Amino acid sequence: EEKRGEASGQATWKSNDRLTVEAGMRAEMSTISSSGDVDLQKTLTFPKPRLVVSYALDSEDQFRVRLEREVGQLNFRDFVANSSLSTGSVQAGNPDLEPQTAWVGEATYERKFLGSGLITLTWRHSEIQNAVDRVPVFDPNDPTNVFDAPGNIGDGKEDDFIFGLTLPLDRLGIKRAQLKGSGTFRWSDVTDPTTGDMRRISGQHPWDFEWHFSQDVPRYKANWGIDLYNRWTETY
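It should be emphasised that the depicted structure is a prediction, and the values quoted were computed from it without experimental measurement.

## Remarks on the pairing of strand 9 (residues 132-139)
Thought 1: Where strand 9 meets strand 10 (residues 142-152), eight bridges bridge the pair, whose relative direction is antiparallel. Counted as the bridge partner of Pro-136 is Asp-148 from strand 10.
Thought 2: Linking two consecutive strands that pair antiparallel, namely strand 9 and strand 10, is a turn of two residues.

What follows is the structure in structure tokens.
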């Protein structure tokens, strides 16, 4: 069970039509408790400051810079043990799991074109504390019997490159149609608690993308489209 509360405040300063500064502070407090095979209760408090600076070169081009402390949301499934009879695998629970936190710096370039067209390019860097990943759990009665469990494995880092595109297709001869796409490329490093080697965060996709083509057909009061998503592989 979790009880969560948050208080926040924000101030915005605009010096002219080009420069805008937003500064905010949020304070999050939560009490997490578990019962059953392990009874545990703890209260967590996290301050989450945020600063965003936006600068418009003109009516079409804008730069944004963001600095923020982010706090991850715990997954309740990580608190309890589970097993699979078909595969014989067992995952231990961890009721003492701490939320992952990170200092995040981000730079974004945004350009508008062709009326409703838009392209955004973002580079994001995260300095992670208390990374949530997988840790080994040894059976005290049989050291050769090893399970895995969610756990905090220390500090890490992550870099993301994110793009977004909205492209109207009227000028290409496809009336009342548009193409929308977005994607994220990810690089991360954490220390594996078993081998001591550096590796990617468990379950993280190296990249994801999606494309959506849609077109309105007023004659039939209809809309049709095609959606395309990438395949992906998760490694734990």
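Right, picking up where we left off after that structure.
## Re the packing of aromatic side chains
Thought 1: For the structure on display, the rule yields seven aromatic pairs.
Thought 2: Seen in terms of ring centroids, Trp-123 and Phe-161 are 6.5 Å apart; in terms of plane orientation they differ by 40 degrees. Their pairing is tilted. One end of the pair, Trp-123, is in strand 8 (residues 117-129); the other, Phe-161, is in strand 11 (residues 156-168), with 38 residues separating them in the sequence.
Thought 3: The partly exposed category is assigned to Trp-123, whose relative accessible area is 43%.

## Concerning unusual backbone geometry
Thought 1: The phi angle at Asn-130 is positive, at roughly 55 degrees, despite the residue not being glycine.
Thought 2: By secondary structure assignment, the location of Asn-130 is in the loop between strand 8 and strand 9.
Thought 3: The backbone of Lys-221 sits at a positive phi, close to 50 degrees, despite the residue not being glycine.
Thought 4: The residue Lys-221 is located in the loop between strand 14 (207-217) and strand 15 (222-229) in this model.

Parameters and conventions
- Residues numbered from 1 in each chain as written.
- Predicted model: local features only at pLDDT ≥ 70, side-chain atom pairs only at ≥ 80, totals over all residues.
- Heavy atoms only, no water.
- Pairing = 2+ DSSP bridges.
- Helix = DSSP H or I, 4+ residues; strand = E, 2+ residues; numbered from the N terminus.
- Phe/Tyr/Trp six-rings, centres within 6.5 Å; stacked < 30°, edge-to-face > 60°.
- Buried < 20%, exposed > 50% of the residue type's maximum accessible area, 1.4 Å probe, protein only.

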